[in-house]
Amino acid sequence: MKKPTGKLYTSNPQGLRYLKEDAELLQITRAGADLPNTTVVKELSPSPYLFKLFVNEWKGKPAEQWWDNYKERFNEELKNETKLIGLRYVYKKLLAGNNVVLICFCSDHRICHRKLVGEFFKTYGVKVLELNPVKQDQLSLF
């Protein structure tokens, strides 16, 4: 089996300034403005249901109250055919040697679906690098 040669990054828009090489920018968001020079891949965003649940029930609350539940639900979503289409799209780009950045608007990459999408690819030998440096207040998570 061929191993992907492209690099996979995750980031929010602010972290893109740390990207030091050419890469295809894929915006994996359900809402918000489309970013310039990106391809929107809604298949890798949370489902409308999970997105609304986050916005209406969990946003602004401590991560220890909701992250495990969110993570379980999103990882389950990654198994559905719509998400698999998006995952295959990214994997083919990596196999072709293209570098890819998965972008969303979350400020804390540790509690974000972009982290979960990146972790999916680790099982296929893909190393994932978050472009945003860890901030002092992010050194401990629950």
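What this report covers is the structure whose coordinates are included nearby. What you see is a predicted model, and the numbers here were worked out from it, not measured in a lab.

A count of helices and strands for the protein chain gives 4 helices and 5 strands. Reading the helices (α) and strands (β) of the protein chain from amino to carboxyl end gives β-β-β-α-α-α-β-α-β. The C-alpha atoms of the protein chain give a radius of gyration of 15 Å, which matches the 14 Å a tight globule of 142 residues would have. Judged by the C-alpha coordinates and their principal axes, the protein chain covers about 40 × 35 × 30 Å. Expressed as a percentage of its 142 residues, the buried residues of the protein chain come to 44%. When contacts within the protein chain are restricted to residue pairs at least 6 apart in sequence, long-range pairs at least 24 apart make up 72% of them. Total accessible area computed for the protein chain in this model is approximately 8200 Å², and 53% of it derives from carbon and sulfur atoms. Each charge class in the protein chain was averaged separately, 23 positive and 16 negative side chains, and the resulting centres sit 3 Å apart.

A few words now on the nonpolar core. Generally speaking, nonpolar side chains in soluble globular proteins are found buried as a group. If you look at the biggest cluster of nonpolar residues, it comprises 29 residues, and the most contacted ones within it are L8, W66, Y70, V90, L102, V117 and F121. Taken together, the elements giving at least two residues each to this core come down to α1 (48-58), α2 (67-77), α3 (81-95), β4 (100-103) and α4 (113-122). Those residues in contact with W66, other than ones at most four positions away along the chain, are F54, W58, K61 and I111. Listed in part, the 7 residues of the second largest apolar core include Y9, L25, I103 and L131.

What counts, and where the lines are drawn
Residues numbered from 1 in each chain as written. Predicted model: local features only at pLDDT ≥ 70, side-chain atom pairs only at ≥ 80, totals over all residues. Heavy atoms only, no water. Helix = DSSP H or I, 4+ residues; strand = E, 2+ residues; numbered from the N terminus. Rg over C-alpha atoms; globule rule 2.2 N^0.38 Å. Buried < 20%, exposed > 50% of the residue type's maximum accessible area, 1.4 Å probe, protein only. Contact = heavy atoms within 4.5 Å. Areas by Shrake-Rupley, 256 points an atom, 1.4 Å probe, with all protein chains shown as cover. Lys, Arg positive; Asp, Glu negative; His and termini not counted. Charge placed at Lys NZ, Arg CZ, Asp CG, Glu CD. Core = buried A, V, L, I, M, F, W, Y, C linked by side-chain atoms within 4.5 Å.

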